[in-house]
Amino acid sequence: ASVSQLSRFCGSLVASVVGDCVGGEFEGAEDVPLDRVLQHLSGLEDETRGDGILQYSDDTAMMRCVAQSLLTRMGFDEQDMARRFAKEYSLAPGRGYGAGVVQVLRKLASPQLSDVFQPARAQFGGRGSFGNGGAMRAAPIALVYRNIADVRKYAGFGAMLTHSCSLGYNGAVLQALAVHLSLQGDLALPQNFINKLILEMEEVEKDETARSDAKVLNLAEFPYCARLHRVKELMEKNSVSIEEVILELGNGIAALESVPTAIFCVLHCLEPREGLPEHYGGLERTIAYSLALGGDTDTIACMAGAIAGAHYGISAIPQSWLKRCEGAEEAHHLAERLYKLYITQTEEV
Ligand code: R7I
Ligand code: MG
Ligand code: MG
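(A) Highlighting the overall build of the protein. Tallying secondary structure elements over the protein gives 18 helices and zero strands in all. A compact globule built from 349 residues would reach a C-alpha radius of gyration of about 20 Å, and the protein, at 18 Å, matches this within 12%. For the protein, the spread of C-alpha atoms along the three principal axes comes to 55 × 40 × 40 Å. A buried classification covers 58% of the 349 residues belonging to the protein. Restricting the contact set of the protein to residue pairs at least 6 apart, pairs at least 24 apart contribute 75%. Counting only carbon and sulfur atoms, one obtains 49% of the accessible surface of the protein, whose full area is about 14,500 Å².

(B) Local environment of the packing of helix 3 (residues 58-73) against helix 18 (residues 328-344). Taken N-terminus to C-terminus, the directions of helix 3 and helix 18 make an angle of 35°; their axes are 10 Å apart at the nearest point. Between helix 3 and helix 18 lies a crossing of left-handed hand. Here Arg64, Ala67, Gln68, Leu70 and Leu71 of helix 3 come into contact with helix 18, specifically with Glu330, Leu334, Arg337, Leu338 and Leu341. Taken together, the residues of the contact of helix 3 with helix 18 sort by class into six nonpolar, one polar and three charged.

(C) Molecular detail of the coordination of the magnesium ion (ligand 3). Around the magnesium ion (ligand 3), the protein contributes the donor atoms Glu27 (OE), Asp296 (OD), Asp298 (OD) and Thr299 (OG1), at 2.0 to 2.4 Å from the metal centre. Its six donor atoms give the magnesium ion (ligand 3) angles of 79 to 175° at the centre, a pattern that matches the octahedral case. Written as a sequence motif, the donor residues of the magnesium ion (ligand 3) are E-x268-D-x1-D-T. The metal-metal distance between the magnesium ion (ligand 3) and the magnesium ion (ligand 2) is 3.7 Å, with Asp298 serving as a donor to both. Here the residue Glu27 occupies a position in the loop between helix 1 (5-23) and helix 2 (34-45), and Asp296 occupies one in the loop between helix 15 (282-292) and helix 16 (297-312), the gap between them amounting to 269 residues. With relative accessibility at 42%, the residue Glu27 sits in the partly exposed group.

(D) A look at the packing of helix 12 (residues 223-236) against helix 13 (residues 242-249). At a minimum axis separation of 10 Å, helix 12 and helix 13 run at an interaxial angle of 160°. The pairing of helix 12 with helix 13 is recorded here as roughly antiparallel in orientation. Between helix 12 and helix 13 the crossing geometry is right-handed. For the pair helix 12 and helix 13, the contacting residues are Arg227, Arg230, Val231 and Leu234 in the first and Glu244, Val245, Glu248 and Leu249 in the second. Class assignment of the residues belonging to the contact of helix 12 with helix 13 gives a composition of four nonpolar, no polar and four charged.

So, how was this worked out
- Residues numbered from 1 in each chain as written.
- Chains lettered and ligands numbered in written order.
- Predicted model: local features only at pLDDT ≥ 70, side-chain atom pairs only at ≥ 80, totals over all residues.
- Heavy atoms only, no water.
- Helix = DSSP H or I, 4+ residues; strand = E, 2+ residues; numbered from the N terminus.
- Rg over C-alpha atoms; globule rule 2.2 N^0.38 Å.
- Buried < 20%, exposed > 50% of the residue type's maximum accessible area, 1.4 Å probe, protein only.
- Contact = heavy atoms within 4.5 Å.
- Areas by Shrake-Rupley, 256 points an atom, 1.4 Å probe, with all protein chains shown as cover.
- Axes fitted to C-alpha atoms, helices over the stretch in contact; angles between N-to-C directions.
- Left-handed = near helix turned anticlockwise from the far one by under 90°.
- Nonpolar A, V, L, I, M, F, W, Y, C, P; charged D, E, K, R; others polar.
- Donors = N, O, S within 2.8 Å, 3.2 Å for Na, K, Ca; no water.
- Tetrahedral: all angles 85-135°; square planar, octahedral: opposite > 155°, others 65-115°.
- Parallel < 35°, antiparallel > 145°, perpendicular 65-115°, else oblique.

See the structure below:
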């Protein structure tokens, strides 16, 4: 079935919010039995229960800032985006931000600050954060820039406002590239999708800084490419256990331990999987599977949601889920506006 471009845009942002909202329940849990996940999700469909709205966390709060900044400035403006992050944090500091990033957000609020990238560079003894906070909010970048080189560039800059370690901002680049390819319909050929991501990330990780960060942090050379190769290997296996996915790809708060994982969740759930309800479509499977990995569930589901939503489109998201998630409707509007901006742009922008 062909999914319209507008539907893909809306699906991406809305599923990202849904992933964040429904994933909050299990964030930080080590063992999340699939039963509990399915119970949590079927609870959303039960209107009589009415245990209220699931609130979004920092993931969505910052994603909204990125989208609103891109819309207002009609493209990337670091000053404006930084100001929005700082303001959002000061208005709602209790959304579950990472322990380190709050220092950056406080510094970004200072009107005297001239270099908005400076506070991020001071993190973690001067190397910068490798957390997934840049990646979790990267989707809107892919909804503005048509050109893959621009997606790469601005996803990196957008993340550097809080994450100056290459592992942090390259995670955002990978996430934005995955959303970009998914919007183009590339998930129809999963092998091509993963091969394209590897080729792109080989270019990205060639960079001097990326190489030296990998060395200093005792990681493999081309760390994202290495993980993406593991994703490929897991895709080729007939059966993959949750334990294996966690062991090979991770489920943690570091971008390297969560962005390739989110990509795997999407690829793995393109087909029906044992243990997941037969009436589930691919998007529901992706969200459920992301939660079942445990660890940084809100963020992995948010990133997997953004990629999967761009593939399946808005109609794949159950209404009953949408209605229970704070900010889902707002994300729909933002996506419609981003789509308008996207289609008015010429190839050079
Ligand atoms: O990356 P960040 O915005 O956090 C995002 C996560 C998501 O799961 C959200 O849902 C929310 O729960 O938080 O925030 P940072 O504080 O930059 O990074 C997150 C954590 O990663 C830090 O608090 C550290 O524990 C760890 N971390 C590091 N630890 C040691 N050395 C990140 N970078 C480093 C590092 O360089
Ligand atoms: Mg969060
Ligand atoms: Mg999280």
